[in-house]
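Chain residues, written in single-letter form:
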Amino acid sequence: MTEPAIRFDDGAAYESFMGVWSRLAGDAFLDWLSPGRGERWLDVGCGNGAFSTLLADRLQPSALHGIDPSEAQIRFARERTLACPAEFRMGDAMALPYAEAQFDQSVMALVIFFVPEPAVGVAEMVRVTRPGGTVSAYAWDLPGGGFPYAMLQDALRAQGRSPVMPPQAAVAALDALQAVWTGAGLQDVATTVITVQRIFRDFEDFWQIALLGPSLAPALAKMAPADVAAMREFVRTHLSEERDGRIVCTARAHAIKGRVA
Ligand SMILES: C[S@@+](CC[C@H](N)C(=O)[O-])C[C@H]1O[C@@H](n2cnc3c(N)ncnc32)[C@H](O)[C@@H]1O
């Protein structure tokens, strides 16, 4: 297997960079999904457990399994205290180590665009979910500029550079998600658009948190200081700054759900 271009190997850094965003979108996603309490959940690509904690707090699953290829993320997830029985293990969405029909709910939170073959990952979720159970996902609208840090990507493009993108960014478009879900034989497929806002104390707060992401710091390390300064300036002028200096950042995710036949 080739090494992924975007690697998640720091659970604590992930928490500020993306965990906060994941729970903001995850809250709206769960309002829409409206699942019952006490179900058996599988959180595919659980990462450091950011969305898993929300599941545990809001729904008290009878069982919660999280799986992710990143050892560091899984280590961080295991150290969390969750409000339900939880088991985190390393593994791949494309070959889930679970038997058929084990779960009531299988979900991918901000993951599907990292899975090399999204259709295979979704087929795996269908396999391990019981008939009548739900397979769902939410993903930043990468093709439509909905990524919370899209501004940084724009800043790189403004300098003629190519930002590193997840390998399957295009699957986050609503019609692409729909094609994968219906192609997997899921029924009553429905989608929604989720818009969330996060407030940063000031520009420096935004910038330092952005630097915690897996791709910005490595990109800046290869740039001349003048280009880094130009990039900072581009981002600052394109962000929406309140009169008190706070930065209000908006992001958009696409969500999808379907019922296993
Ligand atoms: C943006 S993070 C989302 C983490 C978590 N679900 C959340 O909501 O914060 C994407 C996660 O997908 C994981 N990932 C990448 N490739 C994967 C694969 N083939 N199977 C399962 N997870 C994968 C990464 O390791 C990373 O933890």
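Please refer to the structure higher up on the page.
Residues numbered from 1 in each chain as written. Predicted model: local features only at pLDDT ≥ 70, side-chain atom pairs only at ≥ 80, totals over all residues.

## Things to note about the overall build of the protein chain
Stated precisely, the cut-off is as follows: What counts as a helix is a DSSP run of H or I of at least four residues, what counts as a strand is a run of E of at least two, and both are numbered from the N terminus. Neighbour counting defines burial: a residue surrounded by 20 or more other C-beta atoms within 10 Å of its own C-beta is buried, one with 12 or fewer is exposed, and intermediate counts give partly exposed, using backbone-placed C-beta atoms. Contact between residues is assigned whenever the C-beta positions, reconstructed from backbone atoms, fall within 7 Å.
For the protein chain, the helix and strand inventory stands at 9 helices and 7 strands. In terms of principal-axis extent, the alpha carbons of the protein chain reach across some 55 × 35 × 35 Å. Within the protein chain, buried positions represent 43% of all 261 residues. Across the protein chain, contacts joining residues at least 24 apart in sequence account for 74% of those joining residues at least 6 apart.

## Focus on the site of the ligand
Which entries qualify depends on this criterion: Placing the C-beta atom from the backbone, one calls a residue near a molecule or strand if that atom lies within 6 Å of it. For this scheme, ten residues count as nonpolar: Ala, Val, Leu, Ile, Met, Phe, Trp, Tyr, Cys and Pro. Four count as charged, namely Asp, Glu, Lys and Arg, and the remainder, Gly too, count as polar.
Near the ligand lie 22 residues; those nearest to it are Ser22, Gly45, Gly47, Ala50 and Ala93. When residues of the shell around the ligand are traced back to their parent elements, those giving at least two are α1 (11-33) and α2 (50-59). For the shell around the ligand, the element with the most residues is α1, which contributes 3 residues. Residue composition of the shell around the ligand, by class: 14 nonpolar, 6 polar and 2 charged.

## Quick look at unusual backbone geometry
In this structure, Gln60 is a non-glycine residue whose phi angle is positive, near 40 degrees. With respect to the helices and strands, the residue Gln60 is situated in the loop between α2 and β2 (63-68). According to the C-beta neighbour criterion, Gln60 is partly exposed, with 15 such atoms within 10 Å. Phi is positive for Ala101, close to 55 degrees, though the residue is something other than glycine. Looking at the secondary structure, you find Ala101 in the loop between β3 (86-90) and β4 (103-109).

## What to know about the nonpolar core
For clarity, the cut-off: For our purposes the nonpolar core covers buried Ala, Val, Leu, Ile, Met, Phe, Trp, Tyr and Cys residues that link as a set through C-beta atoms within 7 Å.
One finds Val111, Ile112, Tyr138 and Ala139 to be the most contacted residues of the largest nonpolar core, which totals 76 residues. With 8 residues, α1 is the single largest residue contributor to this core. Beyond its immediate sequence surroundings of up to four residues, Ile112 is in contact with Pro118, Gly121, Ala137, Ala139, Val171 and Ala172.

## Points about the packing of helix α5 (residues 150-158) against helix α9 (residues 225-238)
Heads up, the condition is: Orientation is described by lines fitted to C-alpha atoms, with helices fitted over the stretch in contact, and by angles between N-to-C directions that extend from 0 to 180 degrees. Throughout, the term roughly parallel applies to angles under 35 degrees, roughly antiparallel to angles over 145, roughly perpendicular to angles from 65 to 115, and oblique to all others. A clockwise turn of the near helix away from the far one marks a right-handed crossing, whereas an anticlockwise turn of less than a right angle marks a left-handed crossing.
The interhelical angle for the contact between α5 and α9, taken along N-to-C directions, is 130 degrees, at an axis separation of 9 Å. The angle between α5 and α9 falls in the class oblique. When the axes of α5 and α9 are compared, the crossing they make is right-handed. For the pair α5 and α9, the contacting residues are Met151, Leu152, Asp154, Ala155 and Ala158 in the first and Met231, Phe234, Val235 and His238 in the second. Of the residues that constitute the contact of α5 with α9, the class distribution is 7 nonpolar, 1 polar and 1 charged.

## Description of the sheet that holds β4
Note the cut-off: Two strands qualify as a pair provided that DSSP identifies no fewer than 2 bridges between them.
In space, the 7 strands of this open sheet follow the order β3-β2-β1-β4-β5-β7-β6, with mixed pairing throughout. Only two strands of the sheet have a single neighbouring strand rather than two, namely β3 and β6 (187-200). Taken pair by pair, the neighbouring strands of this sheet meet at an average axis angle of 20 degrees, ignoring direction. As paired elements, strand β5 (residues 129-140) and strand β7 (residues 247-259) share 7 bridges and run antiparallel to each other. What sits directly across from Ala139, in β7, is His254.

## Digging into α2
Among the 10 residues in α2, 8 count as buried, and that is most of the element. Where α2 is concerned, the buried positions are Ala50, Phe51, Ser52, Thr53, Leu54, Leu55, Ala56 and Leu59. In this fold, the buried residues of α2 make contact with α1, β1 (40-44), β2, α3 (71-79), β3 and β4. Positioned one or two residues after α2, Gln60 has a phi angle of 40 degrees, which is positive.

## Some remarks on the pairing of β1
To be explicit about the condition: Looking down the strands as they point away from the viewer, one classifies a crossover as right-handed if the path from the first strand across the helix to the second runs clockwise.
Of all 5 residues that make up β1, 4 are buried, and the element is covered over most of its length. Bridging between β1 and β2 involves 5 bridges; their strand directions are parallel. By the bridge assignment for β2, Trp41 is matched with Leu64. Note on the crossover from β1 through α2 to β2: the handedness is right-handed. Taken together, the 4 bridges between β1 and β4 define a ladder with parallel strand orientation. Note on β4: the bridge partner recorded for Asp43 is Val107.

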